[in-house]
Number of protein chains: 6
Amino acid sequence: MLVDLPLDQLRDYRPEVPEPDDFDDFWAATLAQARSTPTAATSEPADTPVTAPRVEDVTFPGFGGEPVRAWFVAPPVPGPLPCVVELIGYGGGRGLPHERLGWAAAGYASLVMDTRGQASTWGSGGGTPDPHGSGPAHPGVMTRGIESPQTYYYRRLVTDAVRAVDHVLTRPDVDPDRVAAVGTSQGGGLALATGALHGRVAAVVADVPFLCHLERAVSITDAAPYSEVASYLAVHRGAAEQVFRTLSYVDGVVMARRICAPTMISVALMDDVCPPSTVFAAANAIPVPPTVEVYPFNGHEGGGQEQWLRSVRWLGEVLA
Amino acid sequence: MLVDLPLDQLRDYRPEVPEPDDFDDFWAATLAQARSTPTAATSEPADTPVTAPRVEDVTFPGFGGEPVRAWFVAPPVPGPLPCVVELIGYGGGRGLPHERLGWAAAGYASLVMDTRGQASTWGSGGGTPDPHGSGPAHPGVMTRGIESPQTYYYRRLVTDAVRAVDHVLTRPDVDPDRVAAVGTSQGGGLALATGALHGRVAAVVADVPFLCHLERAVSITDAAPYSEVASYLAVHRGAAEQVFRTLSYVDGVVMARRICAPTMISVALMDDVCPPSTVFAAANAIPVPPTVEVYPFNGHEGGGQEQWLRSVRWLGEVLA
Amino acid sequence: MLVDLPLDQLRDYRPEVPEPDDFDDFWAATLAQARSTPTAATSEPADTPVTAPRVEDVTFPGFGGEPVRAWFVAPPVPGPLPCVVELIGYGGGRGLPHERLGWAAAGYASLVMDTRGQASTWGSGGGTPDPHGSGPAHPGVMTRGIESPQTYYYRRLVTDAVRAVDHVLTRPDVDPDRVAAVGTSQGGGLALATGALHGRVAAVVADVPFLCHLERAVSITDAAPYSEVASYLAVHRGAAEQVFRTLSYVDGVVMARRICAPTMISVALMDDVCPPSTVFAAANAIPVPPTVEVYPFNGHEGGGQEQWLRSVRWLGEVLA
Amino acid sequence: MLVDLPLDQLRDYRPEVPEPDDFDDFWAATLAQARSTPTAATSEPADTPVTAPRVEDVTFPGFGGEPVRAWFVAPPVPGPLPCVVELIGYGGGRGLPHERLGWAAAGYASLVMDTRGQASTWGSGGGTPDPHGSGPAHPGVMTRGIESPQTYYYRRLVTDAVRAVDHVLTRPDVDPDRVAAVGTSQGGGLALATGALHGRVAAVVADVPFLCHLERAVSITDAAPYSEVASYLAVHRGAAEQVFRTLSYVDGVVMARRICAPTMISVALMDDVCPPSTVFAAANAIPVPPTVEVYPFNGHEGGGQEQWLRSVRWLGEVLA
Amino acid sequence: MLVDLPLDQLRDYRPEVPEPDDFDDFWAATLAQARSTPTAATSEPADTPVTAPRVEDVTFPGFGGEPVRAWFVAPPVPGPLPCVVELIGYGGGRGLPHERLGWAAAGYASLVMDTRGQASTWGSGGGTPDPHGSGPAHPGVMTRGIESPQTYYYRRLVTDAVRAVDHVLTRPDVDPDRVAAVGTSQGGGLALATGALHGRVAAVVADVPFLCHLERAVSITDAAPYSEVASYLAVHRGAAEQVFRTLSYVDGVVMARRICAPTMISVALMDDVCPPSTVFAAANAIPVPPTVEVYPFNGHEGGGQEQWLRSVRWLGEVLA
Amino acid sequence: MLVDLPLDQLRDYRPEVPEPDDFDDFWAATLAQARSTPTAATSEPADTPVTAPRVEDVTFPGFGGEPVRAWFVAPPVPGPLPCVVELIGYGGGRGLPHERLGWAAAGYASLVMDTRGQASTWGSGGGTPDPHGSGPAHPGVMTRGIESPQTYYYRRLVTDAVRAVDHVLTRPDVDPDRVAAVGTSQGGGLALATGALHGRVAAVVADVPFLCHLERAVSITDAAPYSEVASYLAVHRGAAEQVFRTLSYVDGVVMARRICAPTMISVALMDDVCPPSTVFAAANAIPVPPTVEVYPFNGHEGGGQEQWLRSVRWLGEVLA
């Protein structure tokens, strides 16, 4: 059933979402630090029966220069190619090399980024550790390091995603003017963040994005992973102010204000994991109105493969 | 948690599963009738952004000559190619053309068969009707036409699968000596049936197969779709004998006794949808012992993409 | 808990519900076709230990002249008698002959109509097939044939109900001026339809009726069977317009506008299966305001046997 | 799914169930006390639209002479008639006068006994108080007064049932040699008790009976109402011995040893409310083997109306 | 997630809650009757390994002079001491003597009152019977005796709580000018009632109080124990008026209007057991605005031990 | 309901549980390293309204010398006192200073150890970080660092517990010959480990202990937190051997073989969180048979405060 405001109200939903004064400085410093590490990316052929698109097993330097795994998949044609950087949903990882062949089949190179410290809840796993401890935390990553923006888990993961774009920009087989950030759920939140924080991202596709309008999200749904924050605050009863301050540094609404690239956002009206008002709050905050695809009868699966089709067609125009 | 017998007992689990005297005649007549219809398959280019493997939108004659949709996906190389006929799980359909690119990426042609009258519960749908009515039935297809083997839904769906093999055998781009039937869950049950009923199937891969040892399955799990039969019998209290007689014509254990091709079966020990004893009952009934892949900590998702990897490698040897 | 609008808003709830231009033509043609089949009803004594009301096992021609089973139950008194045509809830059938003795005990003849293709989810079953196939469909009957009004399941079931009235009008033991259509849930939706489409229905009792204001119903509840439509649309993402067009031909609100007979409707404010706003939308669309019985603390069981009492008393006045 | 031992083991299941030494004295004294109260039964016409079977609103003296409500329903024929005393399931009451017309329709008088202090969880209620307090108790009646056999709730309810038989024996319209005790679930447990404690009961029908083999029942199911006892013992950790001693005075297995009348018992193999081993324990304890009807695919709904049919036919032979 | 109105609306939520004309007379008579019984309280050393605070096992006369158990716990210092009378949540009892040592550790005497007839759902039990029968009732105490204010369960329990205050006022080790009534959930409802009905209560602490704004509570939540009333009314369909009249005699909103002592109330915005609007309705009805502690991310556990801390500090000021 | 083997089989349940060859070396090295850090414990008065037992806010060096928080609570009497080191259940922390006053009230000093990185799921929190990253992990701590015994989370937590004992042994107010390790669930598992690894522990009380017979536990229950391991293995399909090798270093059965101190273990037969066979496997592995308290009708709440009573009495004898 519908889980949020009626669609006509959603289309105009523009809540006040505060942002910290030092938001831009925070990210500039974080990214500068990450980019200052001397580590180089490495690549080797993937161990896979896939022969037709070529698949490389890539390790690139992410947050703090720490190694992040990825698959680079590209059609067997001379480049440079348009390229998508694909970010993954909560609990998942880069999986196995053959799992995401659609982009190559449609003529794109793609870099599928692993998710540090996750990759153990669904799918086929991944291999990227998150070598950082945490204060007291609720199970899951939503409250790991939430005691400050500096220590927060998503500071690291967002940085990884920005650095993934950095990586593809260095590749001779990628056309640096046609790089898109794409993802679903957590991956959609990361795509928005990457679009906000990396000036070379030429297009953003965020499907049923997570991490948007976090204070509202935590209040209006019982579904994980937003519920992790409410559970944490149910125990740490005085911590709300600090927690929401930390979260504001990764909030998709705050990110959205900084997105200049063309953006497509999809939203599902029966999605209680990433409720539609939180998604519209981000969509409506992007200075240039994004393309919004609405799926009225879907939950968090959203538009699924139908939405992938629409995004391919849209990217075909945007990156032409 | 483990949902069935301990693994050491499963490995030797060989229950008595009765089969009807006219089983072979029934299927011979059914297939002969289907093959006697004059309808020809048709094919046109699929509407898809996929360019690299070529995708055809196929309609072939299934049960009673009725049209069945399928995608034919093949790598852009000269054939004839080894080919898998892929059957789909309960509630799903052939979906969109780009969804199953792995086989082509690994060098195989594949025909992804739509599922008549289903294709509306998960995934991206399908377009094959089931133009047959039914007696009183529980929601779902498990009891549609269950009043007799002649009218039973799965008589039609199994015939579709056999006819799908017939279709690929006619194609010049397919090597008729290297055709495999593969599928997961309902698709695994259909793969076993196809291996039993079609002499040209050179290999069978049945992952967490459905439709096996049906009388036990109906008794030991509350999970759908087996529960549809128990629900039907809870209302039609005197119908058990007739119902299980009908089911015996499609039981994977009975089918298994007739499989001559090399077979790989995967099974998950925490799978309450297709409980492991029903799967082992089928595996242990195949005259030549099949390769059995056991996933001790998985539910009905089974081996997932890891199992696909193993099946590709196994097929590479079997169809070499 | 209350699942919908507050009662004071419900009492005035009159949403715009579109109706197709050819609604009346559609039904006129459908019923004319059904009535043009030459099949006659048959009747024999029921196999039952019931001796006091007499029970006949009736088969009458329904949609397309197809056979529909029913029990005719009447007190052992000389007629002609007032008669109720009783329609059954989703998943049920006519059951066993002794199950519905109340009407006879209160002095009414009754015809309990079986439900084609259902009768396998609760109760004691039934024996009426639905000899029509379907396009891709979600389990259950809500989306069977939903691709067009012509092929939709409920076109057939509504026609059966109208033909059930036709049948009792031909019986010498029934007073043709005192025939009521009654039912609960799906049976209530059918009672409304029968009241709209059959000019000889002298009274309608629709308890917690299903099939009303379908577009809203599909959006505001997760409960089956309305959820079947949402599930179908979650897979068939582009089909909403066609689906709701089909549904508009059986929508209880559209039917209600055509009801001339006195009508009693009951509604339960904690009913998430047939949410109260959908019921009030129908009630408030009947030109002559119906009697509305409100049960504030009940779910879909509604008024139960208490409501049966009220309906008997109300019918006693209306059909006097 | 099957919830208990396999059927072949159930057929021979004869556990040791201890009985208190003073069991017979306890009940003799209890019944003597109840019968010594001078209260007389009263009767008046029921307020109901039912005209054909006559319905009386009866109040008879139960435990301690306290008033117990009942409906007496009889076909409008000259008696004396065979009569069933019908006991009701947990949480229910005698409901409305028109709810149970089957027995009269089949030629039997029936007395539908209300359930003291219950009648507020399902159905149409009832009007019999239970004017006795209790020690600390878990919600529900299973632990009310469980601190001793004297104060236990079911001492009172069983006595009511025995006194209901006493009442019908006094009626001129009832044939005192053809009185049966019947019931489902709690009503089935009461039927067994009545058959054990009242010498004039000529037949017993206990469908999916409750209150059997209580120590096992409490251990093997989480379903209410047996779970009430486990919940109580989870708080009153030292009380198990006393609790099970109290329960032994009403245990259907102990009662069964004392049943001389022909008995029919029905059992459902997927019934987790009254698990089949507890029912077979009682059935196998009756000195003359009862007729046992097994429903392999039903839960606690058991044989439902089908079982009613079987019981009518069986009673027709037994009481002929 | 948030389960009720937004916080800003809650702060001003002042619904009309009717009160019976004879409310004050009813309670005056009830208390006078209770106080007129000649029974005296008794006390003996508790059987416990606790040595440091002294613990007495107290039995005092409650409703109708009936014995009510309690623990009296006090620090080993010369009195007279400030004292809290602690009332317990639904389903619980006084438990074991060592369970509630916080008050003594903070310098308070405390009397932990047992809950008549409950004490069997969680915790360590209790030993106070409720020697009163009931009309038909739903499991639990919410509908026991609900047919009239005279027979209602909570008339007795509220009287017990008032009499508990009477008891501590007689003790030489208690300072009669520094007695507070405190409790959580049901205990919070009792604390409000005690504050309203006993003139010597010097402070009230009601945490997530139950029994407030009962007509709304029954309508807006499905959670037990409020759901017991809705379940009862779903069966007793005509009883709503009488039921809510009875409930009005114990409604915390009506009580609140009569509270003169300083009061602290805590409320949790995700509490579906005692929804926040029902709590604010009571808080906002107290003539002198109480201290309200809001826990935005908690369910019915509310502020837990953090709230205990705040209440100790607040009491320290109020009772100074 | 009973969730595991029958009690008579449990009493003799002694499965083979393999232990790594270097188990003792591993722990010797780990503890030596921890003890070699020069950090000293600190203590200050706790911020609490508790006056009677004195409460200190302690920080002691745990694994790797990292700071671990604790409350030290002691009766206001001259020591040295017997002392319990209390370990906390999964998801909890040391909470607030006033929460655990029972030990002091009974004459014991106690040190309530915080749980590194947890303390955010229930209760009142805690303040001890876990400053160590992790490989890919499932939400929760069960699979954090599970890739090797060196990096595994529980290596650190067990070491903290051993170091907590080290700390109390240094205190002048504690009698070093009368120190017990106690805890429930995870705390029980830690108590067993502490008893095995620290030679000065004079008594162990492990209530419904976690972390025992881990390979079986992961297979026989779906309940968290054991399910975290199964979920991890469902994704990391090839990791079982390494995972169970890591777990064997903290398995309570392996620990139990090394316990020399008198031990009390409690177990609940309806506990699906820590199934009774896993608890008996540990209990039966202790060389000197422990005192085993069985709670037949409890789930994971086990004996609760009743068990605390028994443990106090038992400790009174053992530490006399």
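Residues numbered from 1 in each chain as written. Chains lettered and ligands numbered in written order. Predicted model: local features only at pLDDT ≥ 70, side-chain atom pairs only at ≥ 80, totals over all residues. Heavy atoms only, no water.

Quick notes on the interface of chain D and chain F
- Contact residues are listed per partner, giving 11 residues for chain D and 11 residues for chain F.
- In total, chain D and chain F occlude about 830 Å² of area from one another, counting both sides; carbon and sulfur atoms represent 60% of this.
- Scanning the region where chain D abuts chain F turns up zero salt bridges.
- Taken together, the elements giving at least two residues each to the side of chain D that touches chain F come down to α6 (214-220), α7 (226-235) and α8 (240-248) of chain D.
- Residue composition of the side of chain D that touches chain F, by class: seven nonpolar, two polar and two charged. (Contact = heavy atoms within 4.5 Å. Buried area = accessible area lost by both parts, 1.4 Å probe. Salt bridge = Lys/Arg side-chain N within 4 Å of Asp/Glu carboxyl O. Helix = DSSP H or I, 4+ residues; strand = E, 2+ residues; numbered from the N terminus. Nonpolar A, V, L, I, M, F, W, Y, C, P; charged D, E, K, R; others polar.)

Quick look at the UniProt feature "active site" (unreviewed entry) in chain A
All names here are of chain A.
- What UniProt calls "active site" (unreviewed entry) maps, in this numbering, to S185, D271 and H300. A maximum C-alpha distance of 10.8 Å places the annotated residues, which cover 116 residues in sequence, within one compact spot.
- Tracing the backbone shows S185 in the loop between β6 (174-184) and α5 (186-197).
- Residue classification places S185 among the buried positions, given a relative accessible area of 10%.
- Among all residues touching S185, those that are not within four sequence positions of it are D207, V208, P209, F210, C274 and H300.
- Structurally, H300 is set in the loop between β9 (291-295) and α11 (304-318). (UniProt positions renumbered as here; feature names shortened; annotations may be inferred. Buried < 20%, exposed > 50% of the residue type's maximum accessible area, 1.4 Å probe, protein only.)

Details of the sheet that holds strand β1 (residues 42-45) of chain C
Residues and elements named next belong to chain C.
- If you trace the nine strands from one edge of the open sheet to the other, you get β1-β2-β3-β5-β4-β6-β7-β8-β9, paired in mixed fashion. In this open sheet, the two edge strands, each paired with only one partner strand, are β1 and β9 (291-295). Between one strand axis and the next, the sheet turns through 20° on average, direction left out of account.
- Bridge count between strand β6 (residues 174-184) and strand β7 (residues 203-207): five bridges; the pairing is parallel. Bridged to A180 within β7 is A203.
- Contacting β2 (54-61), β3 (67-74), β4 (81-87), β5 (109-113) and β6, helix α4 (residues 153-169) crosses the sheet at an angle of about 155° to β5.
- Contacts from helix α11 (residues 304-318) reach β4, β6, β7, β8 (263-268) and β9, with the element oriented near 170° to β7. (Pairing = 2+ DSSP bridges. Axes fitted to C-alpha atoms, helices over the stretch in contact; angles between N-to-C directions.)

A look at the UniProt feature "binding site: substrate" (unreviewed entry) in chain A
Residues and elements named next belong to chain A.
- Residues annotated in UniProt with the feature "binding site: substrate" (unreviewed entry) correspond here to Y90.
- Relative to the assigned elements, Y90 resides in the loop between β4 (81-87) and α3 (102-105).
- In this structure Y90 comes out as buried when scored by relative accessible area, which is 18%.
- Among all residues touching Y90, those that are not within four sequence positions of it are Q118, W122, G140, V141, M142, Y154, Q186, F210, P225 and E228.
- Polar side-chain contacts of Y90 include one of 3.0 Å to the backbone nitrogen of V141. (Polar contact = N/O pair within 3.5 Å; in protein donor to acceptor, adjacent residues only side chain to side chain.)

Observations concerning the interface of chain F and chain A
- Taken together, the contact between chain F and chain A spans 30 residues of the former and 30 residues of the latter.
- Between chain F and chain A, a total of about 1900 Å² is buried, with carbon and sulfur atoms accounting for 52% of that surface.
- On the chain F side of the interface with chain A, the three residues burying the most area are S120, P136 and V235 of chain F, jointly 29% of the side's total.
- Between chain F and chain A we count 16 residue pairs in polar contact (both at pLDDT 80 or more) in total.
- Here the residues of the side of chain F that touches chain A sort into nine nonpolar, 18 polar and three charged.

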